[in-house]
Amino acid sequence: MYRFYFLTLRDDYYAEIANCAGILMPLSGWLMVSASPFGLPTFVFVDWIKWPHIPGVTRNKTVETLADSVHWITATGLVSLIIGHVSAVVWHKKKHDINFVSRMWWNKSEGSQK
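Residues numbered from 1 in each chain as written. Predicted model: local features only at pLDDT ≥ 70, side-chain atom pairs only at ≥ 80, totals over all residues. Heavy atoms only, no water.

### Comments concerning the environment of Pro55
Line of reasoning, step 1. Along the polypeptide, Pro55 turns up in the loop between β2 (50–51) and α2 (61–96).
Line of reasoning, step 2. Overall, the relative accessible area of 73% leaves Pro55 in the exposed class.
Line of reasoning, step 3. Separated by 21 residues in the primary sequence, Pro55 and Ser34 place their C-alpha atoms 7.9 Å from one another. (Helix = DSSP H or I, 4+ residues; strand = E, 2+ residues; numbered from the N terminus. Buried < 20%, exposed > 50% of the residue type's maximum accessible area, 1.4 Å probe, protein only.)

This is the structure in structure tokens:
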């Protein structure tokens, strides 16, 4: 039997922090590349999508250092969240025999209808 867990205010607060980090990480990366002393072009995912630099921060070492710190802190936090969520799925499967993977998968199989 599955129990339903509802988000508390604390959980909602942490979810908002994760959402802010998901927005802040690419923005800080964009700011970091725009302020880089090397003058590198900004690519979005692949080489053929070029993004303009943020005006006014070109070759600013202070802004580049701050954006680099924010980028790495948010990246570390998001990777930690991913590892924590995967670990929670494994823990629930081993400890309580709850198969969250089949419940989260795209196709609904018979195994997900417990």
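### Some remarks on the environment of Ala75
Line of reasoning, step 1. Along the polypeptide, Ala75 turns up in helix α2.
Line of reasoning, step 2. Put simply, Ala75 and Ala21 are 54 residues apart on the chain and 8.0 Å apart in space, counted from C-alpha to C-alpha.

### A few points about unusual backbone geometry
Line of reasoning, step 1. For Arg59, which is not glycine, the phi torsion reads 55° and is therefore positive.
Line of reasoning, step 2. One can find Arg59 in the loop between β2 and α2.
Line of reasoning, step 3. Judged by relative accessible area, which is 53%, Arg59 ranks as exposed.
Line of reasoning, step 4. In the Ramachandran plot, Asp97 falls in the positive-phi region, its phi being about 55° despite a non-glycine side chain.
Line of reasoning, step 5. With respect to the element layout, Asp97 can be found in the loop between α2 and α3 (100–104).

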